Amino acid sequence: MTSVPIVESVLMGIFVLLMIVQLRDFLTLLPYLLDSVFRARGSVALERSIPISRMRNNIALSLLIPFVLILFRYRLWYPRFLEPWQPSLQLAAIMGAFLVYLLLRVLLYLWMKPRRRYDFYQLSHKAVFTYFILFCILLFLPTYGILALCGAPDGLSRDILTVEAGLFYLLILVRRGQILSLSCNPLRTFLYLCGLEIIPTALWIASAIVL
């Protein structure tokens, strides 16, 4: 069976190659990403450009590789039933579970999509990709690198990364709420946030605790 270090090295090699290929796209995308940080409407300009939004989606997908590897490395999502499994199978299970989580989010998005006037609804959904890139590039990956270089204990690293992920999630809730509120009343905005964000994430967290 292939050992996890080899699998991790291969995955990271693929990620580095993708980032080299996408470097020019990232530099083109960067002003739009920064604009989205400071303005709820900052995502509008990004979504209006099909080439720019495609760049954003491709880079976000590439960043899933190191994100899942960090989840595995520090057991940020680690149900008890994985303990007797081989490390390579654990990594595969975490990848699969995260993909199921993403699929659930997409299904809920499609199910709750309004029949008309759904521009801002769609915009709030796609904005998650934007903030995921910012989170990985500016916070999650640099923090992981610093902790690894400093030889920080796994427990401390896990706590720090968990707090960062929590702050990122709060930012998503706020930004999605702001975008949805551009076309929805407060009650409808809250219901959308519950269905699109809170429920799938609560199930993701609960699965690690219960299973």
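Refer to the structure presented above.
Here goes a summary of the coordinates provided. Within each chain, residues carry numbers counting from 1 in the order of the written sequence. Local features in this predicted model are restricted to residues of pLDDT 70 or higher, and side-chain atom pairs are both shown and tallied only at a pLDDT of 80 or more, whereas totals for entire chains, interfaces and linings draw on every residue. The basis for the side-chain values is all heavy atoms of the structure; hydrogens and waters are excluded.

**A few points about the side chain of Gln90**
(1) Moving on: Along the chain, Gln90 falls in helix α5 (residues 87-112).
(2) Moving on: When checking whether two residues touch, look at their non-hydrogen atoms; a contact exists if any pair is within 4.5 Å. Those residues in contact with Gln90 that lie beyond four places of it in its chain are Phe72, Tyr78, Leu82, Glu83 and Trp85. Every helix listed is a DSSP run of H or I at least four residues long, and every strand listed is a run of E at least two residues long, numbered separately from the N terminus.

**Digging into the pattern of salt bridges**
(1) Moving on: When a carboxyl oxygen of Asp or Glu is within 4 Å of a side-chain nitrogen of Lys or Arg, the pair counts as a salt bridge. Here the structure, examined in full by the defined rule, presents three salt bridges.
(2) Moving on: Residues Asp154 and Arg73 are paired through a salt bridge, measuring 3.1 Å at the closest nitrogen-oxygen approach. Highlighted residues: Asp154 in helix α7 (residues 154-180) and Arg73 in helix α4 (residues 50-73), separated in sequence by 81 residues.
(3) Moving on: Between buried and exposed lies partly exposed: a residue is buried under 20% and exposed over 50% of the maximum accessible area for its type, with that area taken using a 1.4 Å probe on protein chains only. Judged by its relative accessible area of 36%, Arg73 is partly exposed.
(4) Moving on: Between Arg176 and Glu197 there is a salt bridge whose closest N-O contact spans 2.9 Å.

**Observations concerning the nonpolar core**
(1) Moving on: Nonpolar cores are built from buried Ala, Val, Leu, Ile, Met, Phe, Trp, Tyr and Cys residues. Side-chain atoms within 4.5 Å join them into one set. In terms of nonpolar packing, the biggest core is built from 47 residues, with Phe67, Phe98, Phe132 and Ile133 touching the most fellow members.
(2) Moving on: Contributing elements (two or more residues each) for this core: α1 (4-21), α2 (23-38), α3 (42-48), α4, α5, α6 (119-150), α7 and α8 (186-210).
(3) Moving on: Considering every element that reaches this core, the biggest residue donor is α4, with 13 residues.
(4) Moving on: Once you skip the residues sitting within four places of it in the chain, Ile133 turns out to touch Phe26, Leu29, Leu33, Arg56, Ile59, Ala60 and Leu63.
(5) Moving on: One finds Tyr109, Met112, Tyr169 and Leu193 within the second-largest nonpolar core, a separate group that totals 10 residues.

**Thoughts on the environment of Thr130**
(1) Moving on: Tracing the chain through its elements places Thr130 in helix α6.
(2) Moving on: Considering only alpha carbons, one finds Thr130 and Val7, 123 residues apart in sequence, at a separation of 28 Å.
(3) Moving on: Other than its neighbours up to four places away in sequence, Thr130 contacts Leu33, Ser36, Leu46 and Arg56.

**Quick notes on α2**
(1) Moving on: With 16 residues, α2 should reach 22 Å at 1.5 Å per residue; the first-to-last C-alpha distance of 23 Å fits that figure.
(2) Moving on: What the bend at a residue measures is the angle between two axes, fitted to the seven residues ending there and to the seven starting there. A bend of about 40° at Leu29 is the largest found in α2, and the proline Pro31 appears one to four places after it.
(3) Moving on: For α2, the full list of buried residues reads Phe26, Leu29, Leu33 and Ser36. The span one expects for a helix is its residue count, reduced by one, times 1.5 Å.

In short, the description is geometric, and any link to function would need to be established separately.
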